[in-house]
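Structural description and commentary
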Amino acid sequence: MGTDLHELLRSLRVWDPEVTSLPSFDPTTAPADPLALFTTWFAEAVAAGQREPHTMSLATSDADGDPDVRIVMLHGADEEGWSFATHATSRKGTHLAARPYAALAFYWPALGRQIRLRGPVTTAPATDSQSDLHARSTGALAAALTGRQSQVLGSLDELADESQSAWERAQHEPNAPVPTWTLYRLSPDEVEFFQGDERRRHVRLKYGREGGGWARELLWP
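Summary of the structure given here. (Residues numbered from 1 in each chain as written. Predicted model: local features only at pLDDT ≥ 70, side-chain atom pairs only at ≥ 80, totals over all residues. Heavy atoms only, no water.)

Each packed pair of helices is defined by two parameters, the angle between the axes and the distance between the axes. It is at 8 Å that the axes of helix 5 (residues 138-146) and helix 6 (residues 156-172) come closest, and there the two elements cross at 125 degrees. Overall, the two elements helix 5 and helix 6 adopt an arrangement that is oblique. The hand of the helix 5/helix 6 crossing is right-handed. Residues Thr-138, Gly-139, Leu-141, Ala-142, Leu-145 and Thr-146 of helix 5 form the contact with helix 6, whose own contacting residues are Leu-159, Glu-162, Ser-163, Ala-166, Trp-167, Arg-169, Ala-170 and Gln-171. Among the residues forming the contact of helix 5 with helix 6, the class breakdown is seven nonpolar, five polar and two charged. (Axes fitted to C-alpha atoms, helices over the stretch in contact; angles between N-to-C directions. Helix = DSSP H or I, 4+ residues; strand = E, 2+ residues; numbered from the N terminus. Parallel < 35°, antiparallel > 145°, perpendicular 65-115°, else oblique. Left-handed = near helix turned anticlockwise from the far one by under 90°. Contact = heavy atoms within 4.5 Å. Nonpolar A, V, L, I, M, F, W, Y, C, P; charged D, E, K, R; others polar.)

The next subject is the pattern of salt bridges. Scanning the entire structure with this criterion turns up 14 salt bridges. A salt bridge links Arg-185 to Glu-80, with the shortest nitrogen-to-oxygen separation between them at 3.5 Å. Of this pair, Arg-185 sits in strand 7 (residues 181-186) while Glu-80 sits in the loop between strand 3 (76-78) and strand 4 (81-87), and the two are 105 residues apart along the sequence. Judged by relative accessible area, which is 13%, Arg-185 ranks as buried. Across the pair Glu-192 and Arg-204 runs a salt bridge whose closest N-O atoms are separated by 2.7 Å. In this pair, Glu-192 is assigned in strand 8 (residues 190-195) and Arg-204 in strand 9 (residues 203-210), connecting sequence segments 12 residues apart. Connected via shared salt-bridge partners are Arg-118, Glu-190, Lys-206 and Glu-217. (Salt bridge = Lys/Arg side-chain N within 4 Å of Asp/Glu carboxyl O. Buried < 20%, exposed > 50% of the residue type's maximum accessible area, 1.4 Å probe, protein only.)

Time to look at the environment of His-202. Note that His-202 resides in the loop between strand 8 and strand 9. Separated by 49 residues in the primary sequence, His-202 and Leu-153 have C-alpha atoms spaced 44 Å apart. With residues up to four places along the chain from it excluded, the contact list for His-202 reads Trp-15, Phe-194, Gln-195, Gly-196, Asp-197 and Pro-221. From its side chain, His-202 meets the backbone nitrogen of Asp-197 in a polar contact 3.0 Å long. (Polar contact = N/O pair within 3.5 Å; in protein donor to acceptor, adjacent residues only side chain to side chain.)

What follows is the structure, encoded as structure tokens:
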């Protein structure tokens, strides 16, 4: 049975006021630092039952400037930046080595909210990277030990064999080192908070670095 993609797309509705109630956002009450507002919004997304609120889009570009984007997991956010991790030898890692600048985007449809950040990316010390990895689950360590991320895979059987060996090692050696595992920190130049509105009167508040602090301005939706 065929599917008409265009017909399916036309049938979808976003934030229909008859069935949707989104929170309001008064930008005049926003804190001076975007990290504080991010922390509040993140907690509200969790409370609203948003699934996997810690997943985010990561956009990078290669040495030629060609862009790429994928979903990764937030590992933390503090005064040093928003953190994520990957192998330095992966596509993400080689992109960041060539062009250490990236963008992040969170989308929480349960609240009609988006947060976008962009800025330079630095690598954390190796000790921090390994501590980050070993604080995660056995499965995360096994995946990291499997390695060769972004390389060509010969077959799913090959993956199954490597993964089984990695799981066994992770279970018996929970502090096994993975030298290529790297914790990255994006220190944003800009952070934008977007609150959707059923009547399409969306509120966009942008923070931009200015001197030692942040300047705030509203954007047209």
